[in-house]
Amino acid sequence: MSVVNLHKSYGDLEVLKGLSLHVRSGERVVIIGPSGSGKSTLLKCIIGLVKPDRGDIYIDDVRVTDPKTNLIEVRKRVGFVFQSNNLFYHLTVLKNITLPLVKVHGVPEEEAVEVAMKVLREVGLEDKVDSYPAELSGGQQQRVAIARALAINPRLLLMDEPTSALDPELIDEVLEVMRRVSRRGITMIIVTHEIDFAEDVADRVVFIDGGVVVEEGPPHEVISSPRERRTREFLRRILRKRAAAPRCWAVAPD
Amino acid sequence: MIFLDLLPEVVKFMISIAPFLLRGLINTLRIGLLSFAMGFGLGIVTGVLRVSKSKAASAVAATYVEVIRGTPLLVQLLFAYFGLPFIGIRLPPSIVSVLVIGLNSGAYQAEIVRSGIQSIPQEQLDVARSLGMRESQVMRYVVLPQALRNIIPALVNEFVALIKESSLASVIGEIELTRCGEYIISRTFRPFEVFFLVALFYFTVCYALSRLSGLLEKRVRIPGYFRAYR
């Protein structure tokens, strides 16, 4: 997946200012950066939910930014997990997963149910198949959203701050599922503020600020010894928050 | 009390005319159900067009709504029954009443449907699109099922209003409940009893509808739905 010189403005506000990013097949990239730095916009551009003003995006050899490209075909191969409200509240957990399989991917109903059960087992929620989303906790909802993204067997998995709308005590169960998913070899781009997670999982950490990539590299470089001043300041702010609420150490993932 | 002395006679009279009024009521229900169903179909189509990205479709829908909403139902009925024959369209009152009231209700239902559609958060649409759904699928599988549940009370309200407004069909000679009552009065000269009973019939139907609406809402309720969107 490649992003080349991406520009996007909302009115006078320029969110992306010539951002470029290349992700190799199978690579796990974690994007960090302050709010408003253009991370979400970047992810939405990748699946064509937001149209960039300038620049190009390629997934495999398909140019997503080409107006002639069928975005449906692009989206069929990309899993996307939003920050919140991922699930359709009028459908059961099972239907949430089978609906896109049946209606978008043309999978027969019974087969879709099998796939749904398999991915639900993977996120540990097979007993919730017949529940409605509003009956689940926020963390469980996000796990179902991840299961749904996995169900289509994506080439690329994008996650836009999947834990940042959650109550603190629910974050770890979602991170745990994300860790497990990250071992499957899917190309992943994850936007998150969970620095520990980034250190564990990422092949590469990308720090975005002001609509451009400021610094990127393996986690031990970017997180442990950042070169750029802006990266250092950002990490200091994030880590201070963590020190104030030492949740990350309190619960050891099993 | 003169009235109390008269009461047994009044009740007896009412019972004697009830079967005739009942036929009018049945016709009122026929007009009500058919025109509501027609309005519902029109309402969904128009409501969806109204929010569509196509400027032309949205303009057509808006024009329909504005024209209907900006003119009285009474005038619409009179125009369709007495005016249209001048351009060769001649239909019996039983059909004109259903078509005109249906067309009228469609405009109001379109606005209800539109408000329902617009109450669904943008996030849900983005999620549906991100899964690869076409716009028509987003509407059909994600937006409308949620929107329609939310607008049940408003639709029932419209249905109740429509039942009452169907009394206007009496002006084009359709023998619905109100016209039926007027007819009986012209033969018996007893407006007190007749109109009282006519009103009671309308009330019974409308009250039953409100109760039915509650049951319907309960039937289609999704556990926890109303605390879903924070």
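Caption draft 1: Structural context of the pairing of strand 10 (residues 212–217) of chain A. Residue and element names in this part refer to chain A. Bridge count between strand 9 (residues 204–209) and strand 10: 5 bridges; the pairing is antiparallel. Residue pairing for strand 10: phenylalanine 207 is matched across the bridge by glutamate 215. Hairpin geometry of strand 9 and strand 10 is characterised by an intervening segment of 2 residues between the two adjacent antiparallel strands and by a positive phi of about 60 degrees at glycine 210.

Caption draft 2: Inspection of the sheet that holds strand 2 (residues 13–22) of chain A at higher detail. Residue and element names in this part refer to chain A. The strand order across the open sheet formed by 4 strands is 2-1-4-5, and the pairing between neighbours is antiparallel. Each edge of the open sheet carries a strand with a single partner, namely strand 2 and strand 5 (62–63). Here strand 4 (residues 54–59) pairs with strand 5 via 2 bridges, running antiparallel. The residue bridging tyrosine 58 from the neighbouring strand is arginine 63, located in strand 5.

Caption draft 3: Local environment of helix 6 (residues 168–182) of chain A. Residue and element names in this part refer to chain A. The end-to-end C-alpha distance of helix 6, which contains 15 residues, comes to 22 Å, matching closely the 21 Å that a straight helix rising 1.5 Å per residue would cover. Considered for burial, the residues of helix 6 that qualify are Ile171, Asp172, Glu173, Val174, Leu175, Val177, Met178 and Val181. For helix 6, the elements touching its buried residues are helix 5 (138–151) and helix 7 (195–201).

Caption draft 4: The interface of chain B and chain A, seen in detail. Between chain B and chain A, the contact holds 24 residues from the first and 20 residues from the second. Sorting the residues of the side of chain B that touches chain A by element identifies helix 5 (122–130) and helix 6 (135–150) of chain B as the ones contributing at least two each. When the residues that make up the side of chain B that touches chain A are grouped by side-chain class, the tally is 12 nonpolar, 6 polar and 6 charged.

Caption draft 5: Focus on the packing of helix 1 (residues 2–50) of chain B against helix 9 (residues 191–219) of chain B. All names here are of chain B. In the contact formed by helix 1 and helix 9, the axes pass within 10 Å of each other and the chain directions differ by 50 degrees. By the angle between their axes, helix 1 is oblique relative to helix 9. Once helix 1 is placed against helix 9, the crossing between them reads as right-handed. The segment helix 1 lies against helix 9, with Val10, Phe13, Met14, Ile17, Ala18, Leu21 and Leu25 engaging Glu193, Val194, Leu197, Val198 and Phe201. Classifying every residue of the contact of helix 1 with helix 9 by side-chain character gives 11 nonpolar, no polar and 1 charged.

Criteria and thresholds
Residues numbered from 1 in each chain as written. Chains lettered and ligands numbered in written order. Predicted model: local features only at pLDDT ≥ 70, side-chain atom pairs only at ≥ 80, totals over all residues. Pairing = 2+ DSSP bridges. Helix = DSSP H or I, 4+ residues; strand = E, 2+ residues; numbered from the N terminus. Expected span 1.5 Å × (residues − 1). Buried ≥ 20, exposed ≤ 12 C-beta atoms within 10 Å, placed from the backbone. Contact = placed C-beta atoms within 7 Å. Nonpolar A, V, L, I, M, F, W, Y, C, P; charged D, E, K, R; others polar. Axes fitted to C-alpha atoms, helices over the stretch in contact; angles between N-to-C directions. Parallel < 35°, antiparallel > 145°, perpendicular 65-115°, else oblique. Left-handed = near helix turned anticlockwise from the far one by under 90°.

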